[in-house]
Amino acid sequence: MGMVLQLNELKAVEPGIFLAEPVLNQFGQTLLPQGVELQARHLKVLKTWGCKAVNVMGEGSSEKESEVSPELMNRALTRVNWRLKWEPTTDLEKEIFQLAVKRVIQKFLRP
Amino acid sequence: MTVIEKIIENIRELPTLPTVYLALSEVMADPQSTARDISQIVASDLASASRVLRLANSVLYGYPGQIDTISRAVVVLGFDEVRNLVLASSVLDLFSKQDSAFDFRPVDFWAHSLGVGIATRIIGQACRLPKVEDLFVAGILHDIGKLVFFEFAEKEFSRALDQANKCQQPLWESEMEILGMDHSRGGGLLVENWNLPPAIQNAIRGHHSGLIGDPADPLVAAVHIADTLVRALELGFGGDDLIPRPNEQAWEVLGLPPNTLTEMTPAVLQQFEEATKIMGLH
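Overview of the structure. Because the structure is a prediction, the values reported are computed rather than measured.

### Digging into the overall build of chain A
Broken down by element type, chain A carries 4 helices and 4 strands. The N-to-C order of helical and strand elements in chain A reads β-β-β-α-β-α-α-α. When burial is assessed residue by residue, chain A has 44% of its 111 residues classed as buried. If you take every contact in chain A between residues at least 6 apart in sequence, the share linking residues at least 24 apart comes to 64%. Surface accessibility of chain A: about 6,400 Å² in total, with carbon and sulfur atoms responsible for 54%.

Take a look at the structure:
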């Protein structure tokens, strides 16, 4: 199974995983470049900056995941982050966030 | 006259609910009424009858056979469900303005309302709430106050829409600042004037917080969560582009397990697709 892009919430990310694309702050500055192997100290910094989710390289399990390009994922995250004026912290809030991101991707991919 | 006074006066002068719905309610209050009595009333309004049959045969109900008459719809779905379908169908035609104000287009508003109606029904069924027939109509009418403002205070409502967009704030906040009341109150006044059941009135008044009553009314909680879900899925447009934070207490009232919303999303999307075609909102 090839490596594919996955959207992971920061809290679910374990050290040792690789960033699929750079993490930017709200000013467009790079906090961490693409390809970095995330360690505990990186995760702490990202949490301090209020980062909610990161795009990481993981084992793909469905064809749909392989269709999501980093650019598309970024667009979806940008769109949803703009619409959410709050930080998802509970399971319900995270679920709503994920559904919103998936829906944006779905609409972009619709023929 | 203040904006609030103007709105309230116009609500009082608004035509009552569609004739066919009132006639249905009257007949249904008679315990001797039959499915035939109901079907004759519905059939007299061709537009309502057509929509009711198409909805009854849609994936919303998933009935395996064909429902080809209103009588059959009444037998299969029940009196209350048919009456509420008539209400949902005819309220769509009640407000006459079709043009847009700022970013508010009635067709997108109704699509959002229909989505919340569908999601409320699916959520309520998952919770096994009683009075299943109230779920759909409570969801569809939850934002009816916006149409009241659009109809009777268009200038002020346009300013509220504009402010919500510029300041990236929920529409209800800008409504409070500019009109002095938000659409949940406006809608509550309307459906109180229409004498709709208290449970539906509460669902409209309380859909932002998701909590009314002690113990909290699960129908209100269901509409609240449905509204958040439908906004996350971008079904229609409710007047602002934000996803409201769901109230955890309202979620607890429903007592649903984690990931329920994810599991029900495909059904919400499928039913939305079909229902918007039937209601002519596509």
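### A closer look at the interface of chain B and chain A
Size of an interface: often given as the accessible area lost when the parts come together. The partner chain A presents 19 residues to the 23 residues of chain B that form the contact. Where chain B abuts chain A, roughly 2,100 Å² becomes buried across the two surfaces, and 55% of that area is made up of carbon and sulfur atoms. When the buried surface of chain B facing chain A is broken down by residue, Glu234, Ile243 and Arg245 of chain B rank first, second and third, together holding 31% of it. Between Arg83 of chain A and Asp241 of chain B there is a salt bridge; the shortest N-O distance is 3.4 Å. Where chain B touches chain A, the interface holds 14 residue pairs in polar contact (both at pLDDT 80 or more). The set of elements that each furnish at least two residues to the side of chain B that touches chain A consists of helix 14 (218-232), helix 15 (248-254) and helix 16 (260-278) of chain B. Tallied by class, the residues present in the side of chain B that touches chain A amount to 12 nonpolar, 6 polar and 5 charged.

### Overview of helix 3 (residues 70-83) of chain A
Residues and elements named next belong to chain A. Over its 14 residues, helix 3 extends 20 Å from the first C-alpha to the last, a length consistent with the 20 Å expected when each residue adds 1.5 Å. Residues of helix 3 that are buried: Leu72, Met73, Ala76, Leu77, Val80 and Arg83. Along the axis of helix 3, the buried positions cluster into a sector of 130°, meaning they face one direction only. For helix 3, exposure combined with an orientation more than 90 degrees from the buried face picks out Glu71 and Thr78.

### Details of the packing of helix 10 (residues 154-167) of chain B against helix 11 (residues 171-178) of chain B
Residue and element names in this part refer to chain B. Across the interface, helix 10 lies against helix 11 with an axial gap of 8 Å and an inter-helix angle of 130°. Taken together, the axes of helix 10 and helix 11 lie oblique to each other. Considering only the axes of helix 10 and helix 11, their crossing is right-handed. Across from Glu156, Phe157, Arg159, Ala160, Leu161, Gln163 and Ala164 in helix 10, the residues of helix 11 making contact are Leu171, Ser174, Glu175, Glu177 and Ile178. The residue inventory of the contact of helix 10 with helix 11, partitioned by class, reads 6 nonpolar, 2 polar and 4 charged.

### Focus: the environment of Leu32 of chain A
All names here are of chain A. Tracing the sequence through the fold places Leu32 in strand 3 (residues 30-32). We classify Leu32 as buried; its relative accessible area is 10%. Along the primary structure Leu32 and Leu19 are separated by 13 residues, whereas in three dimensions their C-alpha atoms are 8.4 Å apart. Not counting residues up to four positions away in its chain, the partners in contact with Leu32 are Leu19, Pro22, Val23, Leu38, His42 and Leu46.

### A few points about the nonpolar core
Here is a general trend for soluble globular proteins: nonpolar side chains tend to be buried in one another's company. Core analysis: the largest hydrophobic core is formed by 112 residues, its most contacted members being Ile7, Ile123, Leu141, Leu196, Leu254 and Leu261 of chain B. Judged by nonpolar contacts, the second largest core, of 12 residues, contains Leu10, Val23, Leu32 and Leu43 of chain A.

### Digging into helix 14 of chain B
Residue and element names in this part refer to chain B. End to end, helix 14 covers 21 Å across 15 residues, agreeing with the expected 21 Å (1.5 Å per residue, within 8%). Counting buried positions over the 15 residues of helix 14 gives 14, a clear majority of the element. Two to three positions downstream of the cap, the backbone nitrogen of Leu219 sits 2.9 Å from a side-chain oxygen, assigning the N-cap of helix 14 to Asp217. At the C-terminal side of helix 14, Glu234 shows a positive phi close to 55°.

### Re the environment of Val253 of chain B
Residue and element names in this part refer to chain B. Relative to the elements of secondary structure, Val253 occurs in helix 15. Remark: the alpha-carbon pair of Val253 and Val82, spanning 171 residues in sequence, is separated by 28 Å. In contact with Val253, other than residues within four places in its own chain, are Leu211, Ala216, Pro218 and Ala221.

Calculation criteria
Residues numbered from 1 in each chain as written. Chains lettered and ligands numbered in written order. Predicted model: local features only at pLDDT ≥ 70, side-chain atom pairs only at ≥ 80, totals over all residues. Heavy atoms only, no water. Helix = DSSP H or I, 4+ residues; strand = E, 2+ residues; numbered from the N terminus. Buried < 20%, exposed > 50% of the residue type's maximum accessible area, 1.4 Å probe, protein only. Contact = heavy atoms within 4.5 Å. Areas by Shrake-Rupley, 256 points an atom, 1.4 Å probe, with all protein chains shown as cover. Buried area = accessible area lost by both parts, 1.4 Å probe. Salt bridge = Lys/Arg side-chain N within 4 Å of Asp/Glu carboxyl O. Polar contact = N/O pair within 3.5 Å; in protein donor to acceptor, adjacent residues only side chain to side chain. Nonpolar A, V, L, I, M, F, W, Y, C, P; charged D, E, K, R; others polar. Expected span 1.5 Å × (residues − 1). Arc of directions from axis to C-beta. Axes fitted to C-alpha atoms, helices over the stretch in contact; angles between N-to-C directions. Parallel < 35°, antiparallel > 145°, perpendicular 65-115°, else oblique. Left-handed = near helix turned anticlockwise from the far one by under 90°. Core = buried A, V, L, I, M, F, W, Y, C linked by side-chain atoms within 4.5 Å.

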